[in-house]
Amino acid sequence: MKTKVLMVCLGNICRSPLAEGILKNKVNPKSIFVDSAGTGGYHIGNKPDSRSIDVAKKYGIDISNQRCRKFSYSDFEEFDYIYVMDTNNYNHIMSLARNESDVNKVMLLLEENNIDIKEVPDPYYDAADGFEHVFHLIDTACIAIAMKLKTH
Ligand code: 4NP
């Protein structure tokens, strides 16, 4: 059975689509399934933000086929690891957790990596350089996650 990883942010159009694309790019799709979702439902069915598509493309990753969806309770059953971009959304997902098994799956993405920054900042209202910063934060965390998944 595949190990399943879910990346979560607020809108599922900026950060978590990048996290999905970046991690997919580092793991074997035969053994690891990666998806993303948002806690908010403002953009369901939409493509990722063009600034996320552009920064991913700059680093050779195509995320343009992704479509926004909202996190649902069934994700707690479906996924083994749920990585959340920031504290607000972490608290939101934790408030939906129904039991210890759900709780144990939920982590802050950057805690995977021993860097001082705790959260991937919301770049939605930023210029393109905000997306560049976010790309590198997520990329660093995904290197650590990919290593862990390989040694599992
Ligand atoms: P994301 O960014 O959570 O990284 O996808 C956002 C996208 C949209 C909104 C907020 C954050 N919004 O308010 O529409």
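Below or above, wherever it landed, is the structure these notes cover. All of these numbers come straight from a predicted model, not from anything done at the bench.

1. Structural notes on the site of the ligand
- Residues in close proximity to the ligand include Cys-9, Leu-10, Gly-11, Asn-12, Ile-13, Cys-14, Arg-15, Tyr-42, His-43, Asp-122 and Tyr-124, which together make up its full environment.
- Interatomic distance of 3.2 Å between a backbone N/O atom of Asn-12 and an oxygen atom of the ligand.
- His-43 places a side-chain nitrogen or oxygen 2.8 Å from an oxygen atom of the ligand.
- Here the ligand loses 91% of its free accessible area of 350 Å² to cover by the protein chains.
- Residues of the shell around the ligand, tallied by class, amount to 6 nonpolar, 3 polar and 2 charged.

2. A closer look at unusual backbone geometry
- The backbone phi angle of Asn-12 is positive, close to 55 degrees, even though this residue is not glycine.
- Its relative accessible area of 2% is what places Asn-12 among the buried residues.

3. A few points about the packing of aromatic side chains
- Evaluation of the coordinates by the stated rule reveals 5 aromatic pairs.
- Centroid distance Phe-33 to Phe-79: 6.1 Å. Interplanar angle 25 degrees. Geometry classified as stacked. With Phe-33 in strand β2 (residues 32-38) and Phe-79 in the loop between α3 (74-78) and β3 (81-84), this pair connects stretches of sequence that are 46 residues apart.
- Exposure remark for Phe-79: the relative accessible area of 1% places this residue in the buried category.
- Aromatic pair Tyr-59 and Phe-135: ring centres 4.4 Å apart, planes at 20 degrees, arrangement stacked. With Tyr-59 in the loop between α2 (50-58) and α3 and Phe-135 in helix α6 (residues 128-151), this pair connects stretches of sequence that are 76 residues apart.
- Judged by its relative accessible area of 3%, Phe-135 is buried.

4. So, the state of the cysteines
- Tallying each qualifying case throughout the model produces 0 disulfides.
- Counting only cysteine sulfurs, Cys-14 is the nearest neighbor of Cys-9, a cysteine outside any disulfide, at a range of 6.9 Å.
- Free of any disulfide, Cys-68 has its nearest neighbouring cysteine sulfur in Cys-9, separated by 8.0 Å.

5. Here's the deal with the side chain of Ser-52
- With respect to the element layout, Ser-52 can be found in helix α2.
- A distance of 2.8 Å separates the side chain of Ser-52 from the backbone oxygen of Cys-14, its partner in a polar contact.
- When neighbours within four sequence positions are excluded, Ser-52 is seen to be in contact with Ile-13, Cys-14, Leu-18, Ile-63 and Phe-131.

6. Brief notes about the nonpolar core
- In terms of nonpolar packing, the biggest core is built from 33 residues, with Met-7, Leu-18, Leu-23, Met-85, Leu-109 and Ile-138 touching the most fellow members.
- Taken together, the elements giving at least two residues each to this core come down to β1 (3-9), α1 (15-24), β2, α2 and α6.
- Per element, the largest residue contribution to this core is 10 residues, and it comes from α6.
- When neighbours within four sequence positions are excluded, Met-7 is seen to be in contact with Ser-16, Ala-19, Glu-20, Leu-23, Asp-35, Ser-36, Ala-37, Tyr-83, Met-85, Leu-109, Cys-142 and Ile-145.
- Formed by 11 residues, the second largest nonpolar core is a distinct cluster that contains Val-8, Ala-37, Phe-71 and Ala-97.

7. Some details on the pattern of salt bridges
- Tallying each qualifying case throughout the model produces 10 salt bridges.
- Of the charged contacts, one joins Arg-69 and Asp-75 as a salt bridge, the two residues approaching to 2.9 Å between their closest N and O atoms.
- Given a relative accessible area of 24%, Arg-69 falls into the partly exposed group.
- Where Glu-77 meets Arg-98, a salt bridge forms, and the shortest distance between an N and an O atom there is 2.8 Å. Note that Glu-77 is positioned in helix α3 and Arg-98 in the loop between α4 (87-96) and α5 (100-105), a separation of 21 residues in sequence.
- Among the residues examined, Arg-98 registers a relative accessible area of 42% and is labelled partly exposed.
- Among the ionic contacts, a cluster of salt bridges with common partners joins Asp-35, Arg-69 and Asp-75.

Rules and cut-offs
- Residue numbering note: each chain is counted from 1, following its sequence as written.
- Totals for whole chains, interfaces and linings use all residues, but because this is a predicted model, local features are given only for residues with pLDDT of at least 70 and pairs of side-chain atoms are given and counted only at 80 or more.
- Side-chain metrics rest on all non-hydrogen atoms present in the structure, leaving aside hydrogens and water.
- Residues are counted as near a molecule or strand when any one of their heavy atoms sits within 4 Å of it.
- Contacts described as polar in this section are N or O atom pairs within 3.5 Å, which, within protein, must combine one atom able to donate a hydrogen with one able to accept it, while residues neighboring in sequence count only if both atoms come from side chains.
- All accessibility values rest on the Shrake-Rupley procedure with a 1.4 Å probe; residue burial counts only the protein chains present in the view.
- Charged residues are taken to be Asp, Glu, Lys and Arg, nonpolar residues to be Ala, Val, Leu, Ile, Met, Phe, Trp, Tyr, Cys and Pro, and polar residues to be all remaining types, Gly included.
- For every residue, the accessible area (1.4 Å probe, protein chains only) is compared with the maximum for its type, and the residue is labelled buried under 20%, exposed over 50%, or partly exposed between those bounds.
- Two rings belonging to Phe, Tyr or Trp (six-membered ring only in the last case) form a pair when the distance between their centres is within 6.5 Å. Interplanar angles under 30 degrees mark stacking, angles over 60 mark edge-to-face geometry, and anything in between is tilted.
- Strands are runs of DSSP state E lasting at least 2 residues, helices are runs of H or I lasting at least 4, and numbering of each runs from the N terminus.
- Note on terminology: disulfide denotes any pair of cysteine sulfur atoms within 2.5 Å.
- Working rule for contacts: check all heavy atoms of both residues, and any pair within 4.5 Å makes them a contact.
- The nonpolar core is taken to be a set of buried Ala, Val, Leu, Ile, Met, Phe, Trp, Tyr and Cys residues, with the residues joined through side-chain atoms within 4.5 Å.
- One speaks of a salt bridge when a side-chain nitrogen belonging to Lys or Arg is within 4 Å of a carboxyl oxygen belonging to Asp or Glu.

Limitation: the analysis is restricted to geometry and does not speak to function.
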